[in-house]
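Structure assessment
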Amino acid sequence: PEHTRDQVELPPPAVDNRLTVHPLWTEIDRISTEQIQAAFEGVGGGIGWQLFAEEGDMRMYRREMEVDGMVMDPLKAMHKVRGVSAREMCHYFFNPRYRYEWETTLENMTVVEEISSDALVFHQTFKRIWPVSQRDALFWSHVRAADDHTYAVTNHSTTHADYPSNTGGCIRLFVTVCLACKSSYPAGERPTRDNITTSIAYCSTVNPGGWAPAGVLRAVYKREYPKFLKRFTSYVVNQCKDKPLAI
Ligand code: 18C
């Protein structure tokens, strides 16, 4: 019964060798390390994080930031989920096979490059919001094991000759996202679905890439980020409930 899920598809416990010889490796490694470290830093430091959504164990904070009149508010969310592991959370966030099932802002997703088992390049178009132009994004995505029982996915904008920006009616947005997850279970016990808890830190900074009214943009993310995190975490709990725990 422990073999019902193909172990190879889960995020690997160590970096895939094919990734370390890719031209993007240095950037992917540096940004992932920085993002994972920042994700686990608290928001208690009083450096301007404002709580804007709270529900159960979920807390969402933002910092108001405008650059040349464009809203780029960094977001930081914390959540706790019972019954799934950090590795499982990251598996469902990273793997394109599940993305349409939980990502509600998506119009279309293409895998542009398969770098390795733990790194992909994606092109995504998003649903259009009135009254602004439709957005798209091109980003690498990397999943890795960090310390003990910790896994994280980092997504960061990149470029690709076959996917030039600001064509086909879409404005290219720029994104840096990190979903960092850490599992815990009672000391001396064996981890099971009944005793495991995963703490999640989700950080996101989106540069809209072109004009978007501040009021509309803030209203959209205040609605969409909580919706995303609730939907995604309950999706993973649901997917995992009849499968053996993968640590
Ligand atoms: O991290 C998430 N998903 C990952 C896999 O898809 C990946 C995606 C990153 C893209 C984030 C940017 C999404 C922009 C969406 C714009 C339009 C959506 C409208 C939908 C209305 C039904 O890392 C989960 C991402 C959860 C995204 C929540 C919304 C964030 C909005 C941020 C502001 C967007 C600026 C767009 C400019 C237009 C606004 C008027």
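All of these numbers come straight from a predicted model, not from anything done at the bench.

Thresholds applied
Residues numbered from 1 in each chain as written. Predicted model: local features only at pLDDT ≥ 70, side-chain atom pairs only at ≥ 80, totals over all residues. Heavy atoms only, no water. Helix = DSSP H or I, 4+ residues; strand = E, 2+ residues; numbered from the N terminus. Rg over C-alpha atoms; globule rule 2.2 N^0.38 Å. Buried < 20%, exposed > 50% of the residue type's maximum accessible area, 1.4 Å probe, protein only. Contact = heavy atoms within 4.5 Å. Lys, Arg positive; Asp, Glu negative; His and termini not counted. Charge placed at Lys NZ, Arg CZ, Asp CG, Glu CD. Near = heavy atom within 4 Å. Polar contact = N/O pair within 3.5 Å; in protein donor to acceptor, adjacent residues only side chain to side chain. Areas by Shrake-Rupley, 256 points an atom, 1.4 Å probe, with all protein chains shown as cover. 1 Å grid on protein atoms, 1.4 Å probe; cavity = no way out; pocket = protein on both sides within 12 Å on 5 of 7 lines; lining within 4 Å. Sits in = over half its atoms within 2 Å of the grid points. Salt bridge = Lys/Arg side-chain N within 4 Å of Asp/Glu carboxyl O. Points joined across faces, edges and corners; volume = space filled by probe spheres on them. Nonpolar A, V, L, I, M, F, W, Y, C, P; charged D, E, K, R; others polar. Core = buried A, V, L, I, M, F, W, Y, C linked by side-chain atoms within 4.5 Å.

Before going further, it helps to examine the overall build of the protein chain. Counting secondary structure elements, the protein chain contains five helices and twelve strands. Against the compact-globule benchmark of 18 Å for 247 residues, the protein chain has a radius of gyration of 18 Å, which places it among compact chains. Once the C-alpha set of the protein chain is aligned to its principal axes, its extents read approximately 55 × 40 × 30 Å. Residues counted as buried form 50% of the 247 residues belonging to the protein chain. Pairs at least 24 apart in sequence give 64% of the contacts found in the protein chain among residues at least 6 apart. Between the centroid of the 28 positive side chains of the protein chain and the centroid of its 30 negative side chains there is a distance of 5 Å.

Another point: the site of the ligand. Close contacts around the ligand come from 25 residues, with Phe 93, Glu 103, Gln 124, Asn 155 and Tyr 202 the closest. In this structure, Glu 103 approaches the ligand through a side-chain N or O atom, which is 2.6 Å from an oxygen atom. Within the complex, the protein chains bury 95% of what would otherwise be the 910 Å² of accessible surface of the ligand. Here the ligand is seated within the largest pocket. Counting only elements with at least two residues in the shell around the ligand, the list comes to helix 4 (99-102), strand 7 (119-126), strand 11 (174-184), strand 12 (197-207) and helix 5 (214-240).

Cis peptide bonds are those with omega within 30 degrees of zero, and the linkage from Trp 130 to Pro 131 qualifies with 5°. Structurally, the position occupied by Pro 131 is in the loop between strand 7 and strand 8 (134-145). One non-glycine residue, Asp 68, lies in positive phi territory at about 50°. When you line up the elements, Asp 68 lands in the loop between strand 3 (66-67) and strand 4 (70-71).

A few words now on the pattern of salt bridges. On inspection of all chains with the given rule, the structure shows 16 salt bridges. Between Asp 29 and Arg 144 there is a salt bridge whose closest N-O contact spans 2.7 Å. Here Arg 144 lies in strand 8 and Asp 29 lies in helix 2 (residues 25-39), a separation of 115 residues in the sequence. By relative accessible area, which is 27% here, Asp 29 ends up partly exposed. Residues Arg 172 and Asp 136 are paired through a salt bridge, measuring 2.9 Å at the closest nitrogen-oxygen approach. On the criterion of sequence distance, the pair formed by Arg 172 in strand 10 (residues 170-172) and Asp 136 in strand 8 is long-range, its members being 36 residues apart. When sorted by exposure, Arg 172 lands in the same class as Asp 136, which is buried. Each of the salt bridges in this network shares a partner with another, and the network as a whole consists of Arg 62, Glu 64, Glu 66, Asp 73 and Arg 218.

The calculated volume of the largest pocket comes to roughly 980 Å³. Taken together, 38 residues make up the lining of the largest pocket; nearest its centre are Thr 105, Phe 126, Leu 173, Val 206 and Tyr 225. For the lining of the largest pocket, the elements supplying multiple residues, two or more each, are helix 4, strand 7, strand 8, strand 11, strand 12 and helix 5. No other element matches helix 5, which puts nine residues into the lining of the largest pocket. Its residues assigned to classes, the lining of the largest pocket comprises 22 nonpolar, seven polar and nine charged.

It is worth spelling out the environment of Pro 226 at this point. Here Pro 226 is to be found in helix 5. Residue classification places Pro 226 among the buried residues on the basis of a relative accessible area of 10%. Separated by 171 residues in sequence, Pro 226 and Glu 55 place their C-alpha atoms 8.8 Å apart. When near neighbours in sequence (up to four residues on either side) are disregarded, Pro 226 contacts Phe 52, Ala 53, Met 58, Met 60 and Tyr 221.

Moving on to the nonpolar core. Of all hydrophobic cores here, the largest spans 41 residues; its most connected members are Met 60, Met 89, Phe 93, Leu 179, Tyr 202, Phe 232 and Val 236. The element best represented in this core is helix 5, accounting for eight residues. What Val 236 contacts, discounting residues up to four positions off in sequence, is Val 84, Glu 88, Met 89 and Tyr 92. Counting eleven residues, the second largest nonpolar core, distinct from the first, contains Leu 24, Val 112, Val 121 and Leu 138.

A separate point is the side chain of Arg 135. Position of Arg 135 relative to the elements: it lies in strand 8. One buried charged side chain, Arg 135, makes no salt bridge at all; its nearest oppositely charged neighbour is Asp 136, positioned 7.9 Å away. Ignoring anything within four residues of it in the chain, the contact list for Arg 135 reads Gln 124, Thr 125, Phe 126, Cys 170, Ile 171, Leu 173, Pro 208, Gly 210, Trp 211 and Ala 212.

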